[in-house]
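Structural description and commentary
What follows is the residue order along each chain.
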Amino acid sequence: MEKTYNPHTVEDKWYHTWMSKGLFTSKPDERDPYTILIPPPNVTGVLHMGHMLNNTIQDVLIRKARMNGKNACWVPGTDHASIATEAKVVAMLREQGIKKSDLGREEFLKYAWEWKEKYGGIILEQLKKLGASCDWERTQFTMDEHYYRAVIRVFVDLYNKGLIYRGMRMINWDCEAKTALSNEEVIYNEAGESSIMYSVRYEVENDKNGIIIATQRPETIMGDVALAVNPMDERYKHLIGKIALVPFINRRIPIIGDAYVDKEFGTGCLKVTPAHDVNDYEIGQRHQLPVIDTLSADGTLNEKCELPEFYGIDRFAARKLIVKKMHEAGILVEEKTFTTKIGRSERTNTVVEPRLSEQWFISMKAFSQRALEAVENNEIKLHPAKFKNTYRHWMENVKDWCISRQLWWGHRIPAWYFPNGEMIVAETIDEALALAKKKNPDIKREDLRQDDDVLDTWASSWLWPVAVFDGFENLDLKTGKIAKKTQDLAYYYPTNVLVTAPEILFFWVARMIIAGYEYMGDMPFKDVYLTGIVRDKQGRKMSKSLGNSPDPLLLIEKYSADGVRAGMLFSSPAGNDLLFDESLCEQGRNFTNKIWNALRLIKGWEVTNQTGDKGNQIAIEWFDSRLSQVLSETNDLFEKFRINEALMSIYKLIWDDFCSWYLEMIKPAFGQPIDRETLNQTIHFFDTLMRLLHPFMPFITEEIWHLLDDKNKEDSIMLASWPKANTVNNELLSIYGAAQAIIIQIRNYRKTKNIPQKEMLALYTSNQNTDLSECYPIIMKLCNLSAIEGKTNNIPNAYVFVEGETEYYIPMSNDIDLEAEYERINKEIVYLEGFLKSVTNKLNNPGFVSKAKLEIVEMENKKKADAELQIALLRKQLISLQSN
RNA sequence: GGGAGCAUAGCUCAGCUGGUUCAGAGCAUCUGCCUUACAAGCAGAGGGUCACAGGUUCGAAUCCUGUUGCUCCCA
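Now for a look at the structure at hand. (Residues numbered from 1 in each chain as written. Chains lettered and ligands numbered in written order. Predicted model: local features only at pLDDT ≥ 70, side-chain atom pairs only at ≥ 80, totals over all residues. Heavy atoms only, no water.)

The next subject is the overall build of chain A. The helix and strand inventory of chain A stands at 27 helices and 35 strands. Taking 29 Å as the expected radius of gyration for a compact globule of 884 residues, we find that chain A reaches 38 Å, considerably beyond that expectation. Looking at chain A as a whole, 54% of its 884 residues are labelled buried. For chain A, the proportion of contacts with a sequence separation of at least 24, taken over those separated by at least 6, is 76%. Accessible area for chain A stands at about 40,800 Å²; split by element, carbon and sulfur atoms hold 50% of it. One finds the centroid of the 109 positive side-chain charges in chain A at a distance of 1 Å from the centroid of its 124 negative side-chain charges. (Helix = DSSP H or I, 4+ residues; strand = E, 2+ residues; numbered from the N terminus. Rg over C-alpha atoms; globule rule 2.2 N^0.38 Å. Buried < 20%, exposed > 50% of the residue type's maximum accessible area, 1.4 Å probe, protein only. Contact = heavy atoms within 4.5 Å. Areas by Shrake-Rupley, 256 points an atom, 1.4 Å probe, with all protein chains shown as cover. Lys, Arg positive; Asp, Glu negative; His and termini not counted. Charge placed at Lys NZ, Arg CZ, Asp CG, Glu CD.)

Put into structure tokens, the structure is as follows:
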């Protein structure tokens, strides 16, 4: 056997074996299902550390469930990610010198699909390297034909139910890409940008002074519909209700009072331009003001601005122009430079324009109620639970959801418009035409024009838990209910766990819950495990632009998939950010090597049919108990979704308890054989440990499992059963704990006195009739003792220590350093006296004795007695040292 | 501006209904060791006023109030 474990061939071998045997596939049967749906990564994505963490956790859960005898089904897939993908395709085309607008919709989509076919599957392929046991035959894409149909049908259904409506809304508009942007796609430079505040005088009817407003955007004044001041502002109070005139075009607009206006900011007087600012829009709504939209989609001024010289002029050129014009007219009172935050498009970096446009909305309030309750009363559990607060806050203040996007890549909104402006919502153009003909028999197919917009990505992924099982095929549009569940849907829904990032708790998780209750009348999943964000060592979020994210595949190359999986899990409690450090993967890799070497040790032993010594028997009994103990702990931790702690306890069980203690205890002397019984037990333990570890480190556990004994080649540890705990012998564990303490004392003695392990020592004890005597063979073996004997007479030159109520003596050679011994024992006594004092104080406190629980008081009494005894024993030893 | 969360060893974090799981784990550090499975290792050690200030209590890392510092979400 190789001295170090070589994972590369092993990992490839087993992944292929698992795949070719179809061990990942799941079909409904009589077993209980255990289902996880992957949060579909964007097709544009390549695997990053966040995916690594997220999918490792899912794989751990699914493999554990499979071993528990569940019918485990992990459904993989990808999200079409409308904005992100479209941006990628546009950029790719641009490099080839092709403009999206020149292509037209059909042509562009062809390119987009090509792109998707080529790159869309990369991330899933990468997941295989990680060992992900997804049922790849179920791989889904949110724009698969059946999925597309589902999204459209749900749109029609919600429209029929009156939950979808069209409305005006201020959106973030990218004038270059000519598309709406979500808030997330608008980037603000933290430091701010330099801008100019212009103070402009407006004439006011019947007031010779006029009024001075402040604005950063003078090119929008032609869209003004009012001026606003704070009603409490003494300077302007008298002007409220009067009429001002918009410069150059002399539109008559009212001066209104609105508390929104900040008296301190600018001149304290605000021009209200509802079409071009969110706050202005809201003021306009409050005061029933009209909306005058002077900007076209490409950012140029249009005829609404009433000044022909500005038609078709870009907004920034228009700004310069109007400033000049105002200057000439003598109404520009002041120009002042200041710093402000300007929103820019993430994609094109152009200044984002607030723009009023007609959009589609889902009204959320009514049908999100059930989703709120479900989390409130723990029908759906969030892990960690602290996210409940966040969830509640959002759900209680839920706003209507704008679902239309001015893009081509995505699910096109199924609304058809007639020439007269009327509209019909239907799944297909044929249905739309049929409906249209009822209203107007003369209408023809060519007369119908489909809405140009597509749906928000989340408006497809929120259907994921139902759509991956084809649930919407049977959505009856007459009743708005799923008429019949497919076999898969009936079996796998609700799924068990969703593992995802907290930042999409609302975008995705909450909406899946809403859709789940709306269409299935049931939750989409029972538990939600929220992972943290993977950050670098300095706490910065890992990102491409910072270049601080390691390439996961290179990491796997370097540390093996098992090593990286362990590394990801070692320090990532649910919901806490993970400060990723490559050394964690190293730790994981070292662990695989440790396991490998434990196998090498066992494999190197010759077997004898003679019976083993007593020490082996007690070692076996002890480890069996310890194993059962950790197993119950682990099961408990799994139930609480404390995955990292589960791994850590198994890690310690294998490294410390099994390798450092157990194997050392039973290890035969060099060249000696081991008895068959002990070897068989040891192999059995090793087998159990591998099964315990398998969900975390699937590859090496499979390899070792096969090498341990003659397994049937067809078997896989993937399908082996999760270990069952035996009864834990607590008494034995505590006896063993004492034995360990003694061993450590003796090792310590060797260390401080520089006595090599090879040199045999003798140990004397004041009390030989303890339960501990069972462990003597082990203590002798691990400490290389010649004997452990009862002390009959005084041992003059001895190193002494106290464990429990017993004194132990190691006779020392003549060059004993009395001084040092004296000091060591004295130090011990001082510590114990301090301890005793605090315990005594407590017991002397009448409040404590009368009010504390009885067990607590008893415990303190015992502590006191123990401490007193130990002090007495050490004092005795001091005296004997002195008499020396 | 509104909301939520966090602060414990050098780092990452456990610490449940206040009391032997009470100050703990892993990593890192230091000191010995190439001891026949493993130096990707073994054996041992050191290290914390539990952010600060009050309060409740016989008893507070834990409960309450305030202060400071950080993080996230929404606007």
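Our focus in this paragraph is a nonpolar patch on the surface. Together, Val46, Tyr119 and Ile122 make up an exposed nonpolar region whose accessible area comes to about 220 Å². Note that tyrosine 119 resides in helix α5 (residues 105-119). Overall, tyrosine 119 belongs to the partly exposed group, its relative accessible area being 32%. (Patch = residues over 30% accessible without salt bridge, like charges linked within 9 Å, V, L, I, M, F, W, Y side chains within 5 Å. Salt bridge = Lys/Arg side-chain N within 4 Å of Asp/Glu carboxyl O.)

Close contacts around RNA strand B come from 44 residues, with Lys594, Trp655, Phe670, Asn845 and Lys851 the closest. A breakdown of the atoms of RNA strand B within 4 Å of the protein gives sugar and phosphate a share of 64%. A distance of 3.3 Å is found between a phosphate oxygen of RNA strand B and a side-chain nitrogen or oxygen belonging to asparagine 748. The side chain of asparagine 845 places a nitrogen or oxygen atom 2.6 Å from a sugar or linking oxygen of RNA strand B. For the surface near RNA strand B, the secondary-structure elements that each account for two or more residues are α11 (387-396), α18 (582-603), α20 (643-666), α23 (730-753), α26 (846-851) and α27 (854-882). No other element matches α18, which puts nine residues into the surface near RNA strand B. For the surface near RNA strand B, a count of residues per class yields 15 nonpolar, 14 polar and 15 charged. (Near = heavy atom within 4 Å. Polar contact = N/O pair within 3.5 Å; in protein donor to acceptor, adjacent residues only side chain to side chain. Nonpolar A, V, L, I, M, F, W, Y, C, P; charged D, E, K, R; others polar.)

Moving on to the environment of glycine 77. Note on placement: glycine 77 falls in strand β3 (residues 77-78). Here glycine 77 falls in the buried class, since its relative accessible area comes to 0%. Residues glycine 77 and isoleucine 283, spaced 206 residues apart in sequence, show a C-alpha to C-alpha distance of 45 Å.

Let's shift gears to helix α19 (residues 614-639). Taking 1.5 Å as the rise per residue, α19 with 26 residues should run 38 Å; its terminal C-alpha atoms sit 38 Å apart, in good agreement. Taking the backbone nitrogen of glycine 615 as reference, a side-chain oxygen 3.0 Å away marks aspartate 613 as the first, capping residue of α19. Downstream of α19 by one or two residues, phenylalanine 641 has phi in the positive range, about 60°. (Expected span 1.5 Å × (residues − 1).)

This part covers the sheet that holds strand β35 (residues 806-811). Where strands meet in a sheet, backbone hydrogen bonds hold them as pairs that are either parallel or antiparallel. The strand order β33-β32-β35-β34 describes an open sheet built from four strands, whose pairing is mixed. The strands lining the two open edges of the sheet, one partner per strand, are β33 (785-790) and β34 (798-803). With direction set aside, neighbouring strand axes in the sheet form an average angle of 20°. Here strand β32 (residues 761-765) runs beside β33; their pairing, made up of five bridges, is parallel. When the sheet's bridge partners are listed, alanine 762 is paired in β33 with alanine 787. (Pairing = 2+ DSSP bridges. Axes fitted to C-alpha atoms, helices over the stretch in contact; angles between N-to-C directions.)

Another aspect to go through is the sheet that holds strand β16 (residues 353-362). Strands sit in the order β6-β5-β16-β18 across an open sheet of four strands; the sheet is antiparallel. One side of each edge strand has no neighbouring strand; the edge strands of this open sheet are β6 (179-181) and β18 (401-402). The sheet contact formed by strand β5 (residues 164-174) and β16 spans 10 bridges and is antiparallel. Bridge pairing in β16 places isoleucine 171 opposite arginine 355.

Put simply, histidine 383 and proline 384 share a cis peptide bond, and its omega is 0°. Summarising the element assignment, proline 384 is placed in the loop between β17 (381-383) and α11. Cis geometry is found at the peptide bond from tyrosine 493 to proline 494, where omega equals -5°. By the element assignment, proline 494 lies in the loop between α15 (487-492) and β26 (495-500). The phi torsion at phenylalanine 248 lies on the positive side, around 70°, for a residue other than glycine. Following the sequence through the fold, phenylalanine 248 ends up in the loop between β11 (243-245) and β12 (252-257). Judged by relative accessible area, which is 27%, phenylalanine 248 ranks as partly exposed.

Before going further, it helps to examine the pairing of β34. Counting buried positions along β34 yields five of six residues, so the element is predominantly enclosed. Taken together, β34 and the strand that follows it, β35, pair antiparallel across an intervening segment of two residues, in which glycine 804 is found at a positive phi of about 65°.

This is a description of form; function is not addressed.
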